[in-house]
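Single-letter residue listing:
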Amino acid sequence: QVQLVESGGGLVQPGGSLRLSCAASGRNTWTYHMAWFRQAPGKEREFVAVINWISGTYYAESVKGRFTIARDNAKNTVYLQMNSLKPEDTAVYYCAASADGIITTTLTDYAYWGQGTQVTVSS
C-alpha cells in the first residue's frame, strides 16, 4: 500500500552535515505521521524524530538541537537535516510512516518502512 525510499546517506566528517530524504508513494500518505529511526551495528533500532501531517515535531534527546525534521506534503517527501554530526550518529537511517494519525516514538506503531540509508561519520 505504501512504499518509502530513503536517499542522501553517505560519509561525512565529524561536525559536518547531511540531509536525508524519504519519498513516499501510496494513498493518502500526506496525512500520515512520518518518522526517522536509526540502527547502529549491534544496536537496537532507535527513534530519532517524527513529524505529523501539520508539521508538529518531536525529537530524541540525543539529536535535539542538531537535527531537524521537515515535510513537503505536495511532494510526499520527508527530510532529516543533520548538522554537527558526531561519530555516534553513524547508523543506518530508516524512514517510517503510520496512518494512525498520532505522534509516537514506538517502533512497532509504524507499519511502513523504507530500506534504509547508511550514514557514516568519521575522520
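Throughout what follows, the structure given in this document is the object of discussion. (Residues numbered from 1 in each chain as written. Predicted model: local features only at pLDDT ≥ 70, side-chain atom pairs only at ≥ 80, totals over all residues. Heavy atoms only, no water.)

## A word on the packing of aromatic side chains
Link 1 in the chain: For the coordinates displayed, the defined rule picks out 6 aromatic pairs.
Link 2 in the chain: Considering the side-chain rings of Phe 37 and Tyr 110, the 5.4 Å spacing of their centres and the 75° angle between planes classify their relative orientation as edge-to-face. Here the residue Phe 37 occupies a position in strand S4 (residues 33–39), and Tyr 110 occupies one in the loop between strand S9 (91–98) and strand S10 (112–113), the gap between them amounting to 73 residues. The pair Phe 37 / Tyr 110 is uniform in exposure class, with both members buried.
Link 3 in the chain: An aromatic cluster of three or more residues is present, and its members are Phe 37, Phe 47, Tyr 58, Tyr 110 and Trp 113.
Link 4 in the chain: The cationic tip of Arg 45 hangs over the ring face of Tyr 94; the distance from NZ or CZ to the ring centre is 3.7 Å. (Phe/Tyr/Trp six-rings, centres within 6.5 Å; stacked < 30°, edge-to-face > 60°. Helix = DSSP H or I, 4+ residues; strand = E, 2+ residues; numbered from the N terminus. Buried < 20%, exposed > 50% of the residue type's maximum accessible area, 1.4 Å probe, protein only. Lys NZ or Arg CZ within 6 Å of the ring centre and 35° of its normal.)

## A short note on the state of the cysteines
Link 1 in the chain: Applying the stated rule across the entire model yields 1 disulfide.
Link 2 in the chain: With a sulfur-sulfur separation of 2.1 Å, Cys 22 is cross-linked through a disulfide to Cys 95. With the S-S dihedral at roughly -80°, the linkage between Cys 22 and Cys 95 falls on the left-handed side. Here Cys 22, found in strand S3 (residues 18–25), pairs with Cys 95, found in strand S9; they are 73 residues apart in sequence, far enough to count as distant.
Link 3 in the chain: The class for Cys 22 is buried, based on a relative accessible area of 0%.
Link 4 in the chain: Judged by relative accessible area, which is 0%, Cys 95 ranks as buried. (Disulfide = S-S within 2.5 Å.)

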